[in-house]
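Below are the chains, spelled out letter by letter.
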Amino acid sequence: MLVLRSSPASPFGRKVKLAAAVVGLLDRIDVQDADTNDPNDTLIQQNPLGKIPVLINEDGEAFYDSRVIVEYIDHLAGGGLLIPDGPRRYEALRMQALADGIMDAALLRVYEIRFRPEEKWYQPWLDRQAEKVTRGLDVLEEMPPALGKTLDIGAITVACALGYLDLRFAGEWRAHYPKLVAWLDDFAARLPAFDKTRMDPQ
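The rules behind the values
- Sequence order as written defines residue numbering, which begins from 1 separately in each chain.
- Residues qualify for local features only when their pLDDT is at least 70, as the model is predicted, and side-chain atom pairs are given and counted only at 80 or more; totals for whole chains, interfaces and linings, by contrast, use all residues.
- Note: side-chain values were computed over all heavy atoms of the structure, leaving out hydrogens and water.
- A pair of aromatic rings is counted whenever rings of Phe, Tyr or Trp (Trp by its six-membered ring) have centres within 6.5 Å, and the orientation is called stacked for planes under 30 degrees apart, edge-to-face for over 60 and tilted otherwise.
- Think of it in three bands: residues with accessible area under 20% of the maximum for their type are buried, residues over 50% are exposed, and the middle band is partly exposed, with areas taken using a 1.4 Å probe on protein chains only.
- Nonpolar cores were defined as sets of buried Ala, Val, Leu, Ile, Met, Phe, Trp, Tyr and Cys residues, with membership established by side-chain atoms within 4.5 Å.
- A run of H or I in DSSP counts as a helix once it spans at least four residues, and a run of E counts as a strand once it spans at least two, with each numbered from the N terminus.
- What makes two residues a contact is simply this: any of their non-hydrogen atoms within 4.5 Å.
- Note on pairing: DSSP must find at least two bridges between two strands before they are called paired.

Engineer: Looking at this structure, I do not really get the packing of aromatic side chains. What am I missing?
Structural biologist: A ring pair, where both rings are aromatic, is described by two values, the distance of the centres and the angle of the planes. Counted according to the given criterion, the structure contains three aromatic pairs. When the centroid spacing of 4.0 Å and the interplanar angle of 20 degrees are considered together, the rings of phenylalanine 63 and tyrosine 72 count as stacked. Accessibility classification places phenylalanine 63 together with tyrosine 72 in one group, the buried group. Relative to phenylalanine 194, the ring of phenylalanine 187 lies with its centre 5.6 Å away and its plane at 85 degrees, an arrangement referred to as edge-to-face. Its relative accessible area of 2% is what places phenylalanine 194 among the buried residues.

Here is the structure:
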């Protein structure tokens with residue numbers, strides 16, 4: 001049994017779960033919550049950076065970050081599924097990088113507001129992160145990832161980025177990106193695990 005250390009709200013953890021679902025390996029993964037703010041959590045022994053997600057295989061070997069975990073899952077599934085071979089490979093990886101960047105910027109906005117008192121919020125920093133998200137969404141609206149026979153890591157990561165914006169920013173993006181809204185609906189219809197891994201705002 002594989003062990004995934006993550007949290008329900010983590011878009012990067014969700015990316016791993018969806019990747020495993022696409023290749024039929026999700027039932028081999030025991031998902032265990034990790035608290036990145038708890039210095040006593042065993043997470044820091046599994047990943048010295050204390051970050052999630054971390055995947056631990058049957059031999060106790062830990063894999064991190066999400067990009068490495070996805071490559072490992074793709075390997076376990078036979079290769080070339082999540083990360084296609086041939087010309088589509090670099091398009092999928094580029095889409096993953098763009099969507100990872102959107103999630104990083106969104107997380108930085110959340111952390112600034114959550115972990116600093118309001119009087120210390122640095123608005124230019126928040127604005128820069130928001131601009132990164134907007135530029136990324138502008139690109140994706142013009143050319144969303146292809147939804148092929150097998151959902152690749154580019155499409156999976158874009159879906160997780162949009163899902164995280166729904167979770168933490170009340171889906172504000174939806175009013176401005178109609179093609180992406182339709183794309184995400186199509187993605188969710190193709191992969192039931194997307195709805196099953198959705199976390200409702202609290």
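Engineer: Please explain the nonpolar core as it appears in this structure.
Structural biologist: Side chains of nonpolar character tend, in soluble globular proteins, to be buried together. Counting 56 residues, the largest nonpolar core has Leu55, Ile73, Leu137, Ile156, Trp173, Trp183 and Phe187 as the members making the most contacts within it. Mapped onto this core, the elements with two or more residues apiece are strand 1 (2-6), helix 1 (11-22), helix 3 (66-76), helix 4 (88-115), helix 5 (123-142), helix 6 (153-169), helix 7 (178-190) and helix 8 (193-196). With 12 residues, the single largest contributor to this core is helix 6. Those residues within four positions of isoleucine 156 in sequence are excluded, and the remaining contacts are Lys15, Leu18, Ala19, Val22, Leu82, Leu151 and Phe187.

Engineer: I would appreciate a short explanation of the sheet that holds strand 4 (residues 62-63) in the present structure.
Structural biologist: Think of a sheet as strands paired side by side through backbone hydrogen bonds, with each pair either parallel or antiparallel. Taken in spatial order, the four strands line up as 2-1-3-4 in an open sheet, and their pairing is mixed. Edge positions in the sheet fall to strand 2 (29-33) and strand 4, since each has one partner strand and no second. Bridge count between strand 3 (residues 54-56) and strand 4: two bridges; the pairing is antiparallel. Considered in strand 4, the bridge of isoleucine 56 is made with alanine 62.

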